[in-house]
Each structure stands twice: as C-alpha cells, then as structure tokens.
Amino acid sequence: MTDNTPMDPDNAKTVARVLTEALPYIQRFSKKTLVIKYGGNAMVDEDLKRGFARDIVLLKQVGMNPVVVHGGGPQIGKLLAQLGKETRFVDGLRVTDRETMDVVQMVLGGLVNKEIVNLINQFGGRAVGLTGKDGGLIRARRLEHRRMATDPEASEIIDLGHVGEVASIDPSVVHMLDSGNFIPVIAPVGVGEDGMAYNINADLVAGKMASVLGAEKLILLTNTPGVLDGQGQLLTGLTAQQVDDLIADGTIHGGMIPKIHCALDAVKSGVRAAHIIDGRVSHAVMLELLTDKGVGTLIRG
Ligand SMILES: Nc1ncnc2c1ncn2[C@@H]1O[C@H](COP(=O)(O)OP(=O)(O)O)[C@@H](O)[C@H]1O
Ligand SMILES: CC(=O)N[C@@H](CCC(=O)OP(=O)(O)O)C(=O)O
C-alpha cells in the first residue's frame, strides 16, 4: 500500500542517494552470474530469511543471474540430535555414515531447499530447487581427507564416510533455468560414479559452481562479520599467503577453513572476487552488491 505522508526532506535525500548509488552496480552486474552461498548459520530468523529471499528476487528482477547454493549444517545437526544420533566434525567436515547421509539428504534436499525456494517464490521470483543429482549437476568422488600434523611425515588420511568433493559439474540444467528466468537453488549433495550420494561441504560446491559458471562474484554468507584476526578484528582483504599463515597459526579454523579455501580456488580460476560476509545483517546481499558499503572480507584474484 502506498504511504502518502510527505517524507522528511533529509530522509528523502538519503533514500534518493541510496537508490541512485545502486545504478552503476546494476549496470555493472547486469547479465552477470552471481553465486551466493547461504550458510545454515546465517538462516537464523524468519525476517532474515525473508530479507535474503527478497534480495535474490530483486537481483533477478534488475537483470542479474543469481544462483543460490545453500548449506544447512545446524539444521542437519538438529534433526540428528532429535534422532539421538551423534555427529562429529573433522576440520569443519561432518563425518557421514550411511544413516547420517540419509538425514543429510532429507534436510538439505528437502526441508532447507524447499523453504528457500518457497520464500523466493512468495516474493515473486521463480525459484527451482535442485540437488547435485538433478540433471546430473554435481558428480562427486569420495573425499580423501588428509589431516595435517605439525610433523608433515605424520599427516594421516581420515575416513569421513560419505563425504565427497566435487569431481565435475555439468551446468546444463543451471543454464536452462537461467534462460527461462528461473532462479536455481542448489543443495550440496553429489552423486558418485558408484551411484551413491555424497555429502559435500556447501562452500566447496559454491566455489566450484562459481568457477564452472564463470561467475562475476562468489558471495559466502555466514555468521561472522568476515574473517577475523587473532584479536577479533575484521580482515577486510586477504591474499593467499596471509590465508596460509592464518591457518598455520590456528587463527582460521573449523568451518572457516573450507570457506576460505573455496574462495581462494574460485578467484584463482577466474571468478573476479569472493566475499565472506555476515549473513546475520539484514539485506546483507543487497548491501554488498548495490551500495558503496562493501562489507566483510574480500578475496581477490
Ligand atoms: N578467523 C576466523 N574468523 C571468523 N570465523 C572463524 C575464524 N576461524 C574459524 N571461524 C569459525 O567459522 C565459522 C563459520 O563457518 P561455519 O560454521 O561452517 O559457517 P556456515 O554454516 O556459514 O558455513 C564461524 O562461526 C567461526 O566460528
Ligand atoms: C561434509 C559436510 O560437512 N557437509 C555439510 C553440508 C552442509 C553445509 O555445508 O552447511 P553449512 O554451509 O551451513 O555449514 C554438513 O554435513 O554440515
């Protein structure tokens, strides 16, 4: 409904400035592919989720090609706990036995994927949910995870069960959806040569997806203001060497390790920029893309 009460002149100036500020960004990113990873930790409340969905619809409406890859780690953890099943992480990756894999598929491919699809559609977008099985989108292989010890000779390969890495991506189904003006929403489940389902960290899927699609940007929404240093201060820009040092001294750990690796791999393979931003900030995607206020940590090629 239109509000006909006159706007305070200062407020009107701010609104006009913000709207015009968006123009060069809309022009720059028009027709460009933007891979946006929506982490489970950033899906904290209903308002935030609605704000996210609305931002995605807006980007599509002004001519960009958003591709959403989502996580759902905490949501998987919640159902596993309800089922009385323990879960364990190694370097940010969930150890996934057969039963856990079933739960991963139910939560990622079902609950979380359809919730995002539904929200986007409620705001007038046309989202279609996919797992890596649909249209042969994500081919996975079993991940051989090497846990590094201080002494490199002592590093060991750890069996994480049904945890996969991306072997290849066939983006045909994503291109088809884009051309029909649909918004792809992708759950990070891949299928192996053996026909088995693999649980892939969503950051890794988002990074590879951005590379294969030749995306302009990769945006990773999480639950911190970005990458923080040892004192908790935001690091606004990072190079590959700095990342190595921060991992070696333990400043970057846990779930931030796959995130930062996928951001680095994406920029090395041609994605113009990767951003790690705070998904708990309302409309974080829109603020990052359409205003002069870059937020979070930028990793550039
Ligand atoms: N240097 C760091 N800066 C910021 N966060 C870090 C850092 N090292 C580890 N983390 C952890 O990484 C988490 C984000 O990864 P993760 O929990 O996997 O989130 P998501 O569900 O968004 O993928 C943060 O909540 C934080 O606990
Ligand atoms: C292998 C592995 O750890 N897979 C993740 C997949 C979901 C995910 O990545 O979710 P977030 O982005 O919310 O962390 C998991 O089981 O939690």
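Residues numbered from 1 in each chain as written. Chains lettered and ligands numbered in written order. Predicted model: local features only at pLDDT ≥ 70, side-chain atom pairs only at ≥ 80, totals over all residues. Heavy atoms only, no water.

- Labelled according to an unreviewed UniProt entry, the protein appears under the name Acetylglutamate kinase, originating from Ectothiorhodosinus mongolicus.
- Of the comments in the UniProt record for the protein, the one headed Function (unreviewed entry) reads "Catalyzes the ATP-dependent phosphorylation of N-acetyl-L-glutamate."
- Its UniProt record gives the protein the following Catalytic activity (unreviewed entry) comment, quoted word for word: "N-acetyl-L-glutamate + ATP = N-acetyl-L-glutamyl 5-phosphate + ADP". (UniProt positions renumbered as here; feature names shortened; annotations may be inferred.)

1. Thoughts on the overall build of the protein
Line of reasoning, step 1. Each helix and strand counted, the protein has 9 helices and 16 strands in total.
Line of reasoning, step 2. Scaling as 2.2 N^0.38, a compact globule of 301 residues should have a C-alpha radius of gyration of about 19 Å, and the protein matches this with 20 Å.
Line of reasoning, step 3. Structurally, the protein occupies a C-alpha span of about 70 × 40 × 35 Å along its principal axes.
Line of reasoning, step 4. The burial tally for the protein puts 48% of its 301 residues in the buried class.
Line of reasoning, step 5. For the protein, the accessible surface area stands at approximately 14,900 Å², while carbon and sulfur atoms represent 52% of it.
Line of reasoning, step 6. Across the protein, 31 positive and 35 negative side-chain charges occur, with their mean positions spaced 5 Å apart. (Helix = DSSP H or I, 4+ residues; strand = E, 2+ residues; numbered from the N terminus. Rg over C-alpha atoms; globule rule 2.2 N^0.38 Å. Buried < 20%, exposed > 50% of the residue type's maximum accessible area, 1.4 Å probe, protein only. Areas by Shrake-Rupley, 256 points an atom, 1.4 Å probe, with all protein chains shown as cover. Lys, Arg positive; Asp, Glu negative; His and termini not counted. Charge placed at Lys NZ, Arg CZ, Asp CG, Glu CD.)

2. Focus: the site of ligand 2
Line of reasoning, step 1. Around ligand 2, a shell composed of 16 residues is seen, among which Lys 37, Gly 40, Arg 94, Asn 199 and Ala 202 lie nearest.
Line of reasoning, step 2. At a separation of 2.7 Å, an oxygen atom of ligand 2 approaches a polar backbone atom of Gly 40.
Line of reasoning, step 3. Within the side chain of Asn 199, a nitrogen or oxygen atom sits 2.9 Å from an oxygen atom of ligand 2.
Line of reasoning, step 4. Taken by itself ligand 2 offers 430 Å² of open surface, and the protein chains cover 92% of this.
Line of reasoning, step 5. Listed by contribution, the elements that provide at least two residues to the shell around ligand 2 are α3 (73-82) and β4 (93-94). (Near = heavy atom within 4 Å. Polar contact = N/O pair within 3.5 Å; in protein donor to acceptor, adjacent residues only side chain to side chain.)

3. As for the nonpolar core
Line of reasoning, step 1. Among the nonpolar cores identified, the biggest contains 41 residues, and Val 35, Leu 137, Ile 186, Met 209, Leu 218 and Ile 299 are the most heavily contacted of them.
Line of reasoning, step 2. A total of 8 residues in this core trace back to one element, the largest contributor, which is helix α8 (residues 256-268).
Line of reasoning, step 3. Every residue in contact with Leu 218, bar those within four places of it in the chain, is listed here: Val 35, Ala 206, Gly 207, Ala 210, Cys 262, Ala 263, Ala 266, Val 271, Ala 273, Ala 274 and His 275.
Line of reasoning, step 4. Core analysis: the second largest hydrophobic core is formed by 40 residues, Ile 56, Val 68, Ile 76 and Leu 221 among them. (Core = buried A, V, L, I, M, F, W, Y, C linked by side-chain atoms within 4.5 Å. Contact = heavy atoms within 4.5 Å.)

4. Observations concerning the sheet that holds strand β2 (residues 65-70)
Line of reasoning, step 1. The strand order across the open sheet formed by 8 strands is β5-β10-β2-β1-β13-β15-β16-β14, and the pairing between neighbours is mixed. At either margin of the open sheet sits one strand with a lone partner, and together these are β5 (127-131) and β14 (237-238).
Line of reasoning, step 2. Note that strand β15 (residues 273-278) and strand β16 (residues 297-300) share 4 bridges and pair antiparallel. Along β16, the bridge assignment pairs Ile 276 with Thr 297. (Pairing = 2+ DSSP bridges.)

5. As for the pattern of salt bridges
Side-chain pairs of opposite charge can arise whenever the charged atoms involved come near each other.
Line of reasoning, step 1. Inspection of every chain in the model, using the stated rule, returns 13 salt bridges.
Line of reasoning, step 2. Of the charged contacts, one joins Arg 50 and Asp 47 as a salt bridge, the two residues approaching to 2.7 Å between their closest N and O atoms. In this pair, Arg 50 and Asp 47 are both assigned in helix α2 (residues 46-61), 3 residues apart and thus about one turn of the helix distant.
Line of reasoning, step 3. Through salt bridges with shared partners, a single network forms among Lys 37, Asp 203 and Lys 259. (Salt bridge = Lys/Arg side-chain N within 4 Å of Asp/Glu carboxyl O.)

6. Thoughts on the environment of Val 166
Line of reasoning, step 1. Topologically, Val 166 is positioned in strand β9 (residues 164-169).
Line of reasoning, step 2. Distance in space between the C-alpha atoms of Val 166 and Gly 207 is 10.0 Å, their sequence separation being 41 residues.
Line of reasoning, step 3. Other than its neighbours up to four places away in sequence, Val 166 contacts Ile 138, Arg 139, Arg 141, Ile 200, Leu 204, Val 205 and Lys 208.

7. Description of the site of ligand 1
Line of reasoning, step 1. By nearness alone, 18 residues border ligand 1, and Lys 37, Thr 222, Asn 223, Thr 251 and Lys 259 come closest of all.
Line of reasoning, step 2. Note that an oxygen atom of ligand 1 is positioned 2.9 Å from one of the side-chain N or O atoms of Lys 37.
Line of reasoning, step 3. Between ligand 1 and Asn 41 there is a distance of 3.0 Å, counted from an oxygen atom to a side-chain nitrogen or oxygen.
Line of reasoning, step 4. The fraction of the free accessible surface of ligand 1 (570 Å²) that becomes covered by protein chains is 79%.
Line of reasoning, step 5. Elements that contribute at least two residues to the shell around ligand 1 include exactly β13 (217-222) and α8.

8. Side note on the side chain of Asp 178
Line of reasoning, step 1. Locating Asp 178 in the fold gives a position in helix α5 (residues 172-179).
Line of reasoning, step 2. For Asp 178, the residues in contact, after removing those within four places along its chain, are Lys 60, Asn 65 and Pro 184.

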